[in-house]
Amino acid sequence: MFNYFYILNIEMGDIYIMKFIEFFSNLAMPLMIMIIVLYGVIERKKVFDIFLDGAKEGIGVVFNIFPTLVGLFVAIGTLRSSGIIDLIVNFFTPIFNFVNFPTEILPLALIRPISGSSSIAVATDIMKNFGVDSKIGLMASVIMGSTETTVYTIAVYTSSVGIKKTRFVLWSALFADFVGIVTSVIVCKFLYSWNTHY
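Conventions we followed
Residues numbered from 1 in each chain as written. Predicted model: local features only at pLDDT ≥ 70, side-chain atom pairs only at ≥ 80, totals over all residues. Heavy atoms only, no water. Helix = DSSP H or I, 4+ residues; strand = E, 2+ residues; numbered from the N terminus. Contact = heavy atoms within 4.5 Å. Areas by Shrake-Rupley, 256 points an atom, 1.4 Å probe, with all protein chains shown as cover. Lys, Arg positive; Asp, Glu negative; His and termini not counted. Charge placed at Lys NZ, Arg CZ, Asp CG, Glu CD. Patch = residues over 30% accessible without salt bridge, like charges linked within 9 Å, V, L, I, M, F, W, Y side chains within 5 Å. Salt bridge = Lys/Arg side-chain N within 4 Å of Asp/Glu carboxyl O. Expected span 1.5 Å × (residues − 1). Bend = angle between axes of the 7 residues up to and from the residue. Buried < 20%, exposed > 50% of the residue type's maximum accessible area, 1.4 Å probe, protein only. Axes fitted to C-alpha atoms, helices over the stretch in contact; angles between N-to-C directions. Parallel < 35°, antiparallel > 145°, perpendicular 65-115°, else oblique. Left-handed = near helix turned anticlockwise from the far one by under 90°. Nonpolar A, V, L, I, M, F, W, Y, C, P; charged D, E, K, R; others polar.

Trainee: Can you walk me through the overall build of the chain in this structure?
Mentor: Regarding its fold elements, the chain presents eight helices and zero strands. Counting from the amino terminus, the chain carries its helices and strands in the arrangement α-α-α-α-α-α-α-α. Each principal axis of the C-alpha distribution contributes one length, and for the chain these read about 60 × 60 × 30 Å. A sequence separation of at least 24 residues applies to 65% of the contacts in the chain between residues at least 6 apart. Total accessible area on the chain stands at roughly 14600 Å², and carbon and sulfur atoms take up 72% of it. Computing the positive centroid from 13 side-chain charges and the negative centroid from 13, the chain places the two 9 Å apart.

Trainee: Sorry if this is basic, but what is going on with a nonpolar patch on the surface here?
Mentor: A cluster of nonpolar residues, Phe23, Leu27, Leu31, Met34, Ile35, Leu38 and Ile42, forms a patch on the protein surface that exposes about 700 Å² of accessible area. Position of Ile42 relative to the elements: it lies in helix 1 (residues 2–42).

Trainee: Just checking my understanding: could you explain helix 2 (residues 47–82) for this structure?
Mentor: Helical geometry note: an α-helix holds 3.6 residues per turn, so side chains three or four residues apart project in the same direction. Along its 36 residues, helix 2 runs 49 Å from first to last C-alpha, staying within 8% of the 52 Å computed at 1.5 Å per residue. Along helix 2, the largest kink reaches about 45 degrees and is centred on Ile65; proline Pro67 follows within four residues of it. Every buried residue of helix 2 is accounted for by Ile65, Leu69, Leu72 and Ile76. Lining the buried residues of helix 2 we find helix 5 (116–130) and helix 7 (150–161). Trailing helix 2 by a residue or two, Gly83 shows a phi angle of about 85 degrees, which is positive.

Trainee: I keep staring at the packing of helix 5 against helix 6 (residues 135–146) and nothing clicks. Help me out?
Mentor: For any two helices packed against each other, the geometry comes down to the angle between their axes and how far apart the axes lie. Running from amino to carboxyl end, helix 5 crosses helix 6 at an angle of 160 degrees, the nearest separation of the two axes being 9 Å. Our classification of the angle between helix 5 and helix 6 gives roughly antiparallel. In this structure, helix 5 crosses over helix 6, and the sense of that crossing is left-handed. Residue-level contacts link Ser119, Ile120, Ala123, Ile126, Met127 and Phe130 of helix 5 to Ile136, Gly137, Ala140, Ser141 and Met144 of helix 6. When the residues that make up the contact of helix 5 with helix 6 are grouped by side-chain class, the tally is eight nonpolar, three polar and no charged.

Dropping the structure here:
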């Protein structure tokens, strides 16, 4: 009986915490806008004029990076529809099976540095097929959280400030993605095996 009430209290506490988080997240954006406006008023700044200047500058940045984005999206669409990803996965499957790397997450590992929306679609497909709480589902989740859409990010940020030489940035960022993916697999394997034993 005591155990039942103890579990009930924990569940009620979780509900209150979630309600507080939901309330705070709904309040966060209006609160941030209010703080910015109040700060501008206290500092005697022309808040609306500064906002308009920022909007003009933002439109200029969009025009500067638009050709890069169009080229990137066309390349990503071509890559996905051509079947090259499946060809690469089939080619490397024996190698990854030999080193005990789960080939189910290989398409996600390949597409994640290139496209955010495509990687979300691949991760969702993995979770539908294997389950959210499965080992493969956990690996996909951790990979999504510990890596970045490197090519897209570099293309957007470097083109917005006019940087042309991105070779060293690209290789170091892709290496960071590789480390994130490998670490995600190792940590998830360890935690999943530990969780099943205890």
